[in-house]
Amino acid sequence: MKLVLCLLLALLPMAGLAEEASLADLFVRIRQSGFAEFRYEETRKLELASSPWQAQGYMLSAADGRLIKLQLQPKRIIMAIAGERMYYWDPEQKQRHAAPLGQAGLAAGQITVFRSILQGHAEELQPTYDFAGEKHGKHWVLRVTPKPGQSDEDAPSIEISGDEDGRKQQVLIRQADGESTEYRFMKTSAGPELEYSIRRLLLEATGD
């Protein structure tokens, strides 16, 4: 979820060498250069819900852009991105959906921004997003916010934070309507052996 740092820094406004160095360091910390697996806890605060909705499971990513979200609680659901398509599979309800990312609504917008940062293509977001980084001791924060007046009024704001060891990270996604989703990640595995799990889950999600 992080790349092409030199190009990104060339495109960002000149805000001082210290800030640019901080952003470069944060993108290096976030980027997943290979296969990775994270255990996640998710909390959604919805406008019409009296209490937050919570879920947990695993997130698997590959450097080629594939992203698998395996929700285990409150029930098993697979959500995946491969190429420019999004897939959804609910085995309990026997519901399967597939759509181009461009037609997948707000969920696609969240995931596209998140994936671009994580897998190193943050320069793709520069026309519509501003970046700001902070570091306090061992703790760091990267804020990604829509530029004022940009065309997509529903674009989310994203805040990614973590510590120097890189094992734990948090992602807070704020929608324009005030709703929010927070993910708490702990890295559980990395390496090419995850290719089998990613392929298996993607095949299950697509129904192939």
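Scroll up a little and you will see the structure.
So, here's what we can say about the structure. Computed from a predicted structure; not experimentally measured.

On to the environment of Asp177. Looking at the secondary structure, you find Asp177 in the loop between strand 10 (168-174) and strand 11 (180-190). Considered as a pair, Asp177 and Asp154 are 23 residues apart in the sequence and their alpha carbons are 7.8 Å apart. A polar atom in the side chain of Asp177 sits 3.0 Å from the backbone nitrogen of Glu179.

Inspection of the entire model under this criterion finds 11 salt bridges. A salt bridge links Lys69 to Glu42, with the nearest nitrogen and oxygen atoms 2.8 Å apart. Here the residue Lys69 occupies a position in strand 3 (residues 67-73), and Glu42 occupies one in strand 1 (residues 36-45), the gap between them amounting to 27 residues. For the residue pair Lys69 and Glu42, the accessibility class agrees, reading buried in each case. A salt bridge links Glu195 to Arg66, with the nearest nitrogen and oxygen atoms 2.8 Å apart. One end of the pair, Glu195, is in helix 4 (residues 194-206); the other, Arg66, is in the loop between strand 2 (53-61) and strand 3, with 129 residues separating them in the sequence. Arg66 matches Glu195 in its accessibility class, with the two residues each being buried. Through salt bridges with shared partners, a single ionic network connects Asp64, Arg66, Glu195 and Arg199.

Cut-offs and rules
- Residues numbered from 1 in each chain as written.
- Predicted model: local features only at pLDDT ≥ 70, side-chain atom pairs only at ≥ 80, totals over all residues.
- Heavy atoms only, no water.
- Helix = DSSP H or I, 4+ residues; strand = E, 2+ residues; numbered from the N terminus.
- Polar contact = N/O pair within 3.5 Å; in protein donor to acceptor, adjacent residues only side chain to side chain.
- Salt bridge = Lys/Arg side-chain N within 4 Å of Asp/Glu carboxyl O.
- Buried < 20%, exposed > 50% of the residue type's maximum accessible area, 1.4 Å probe, protein only.

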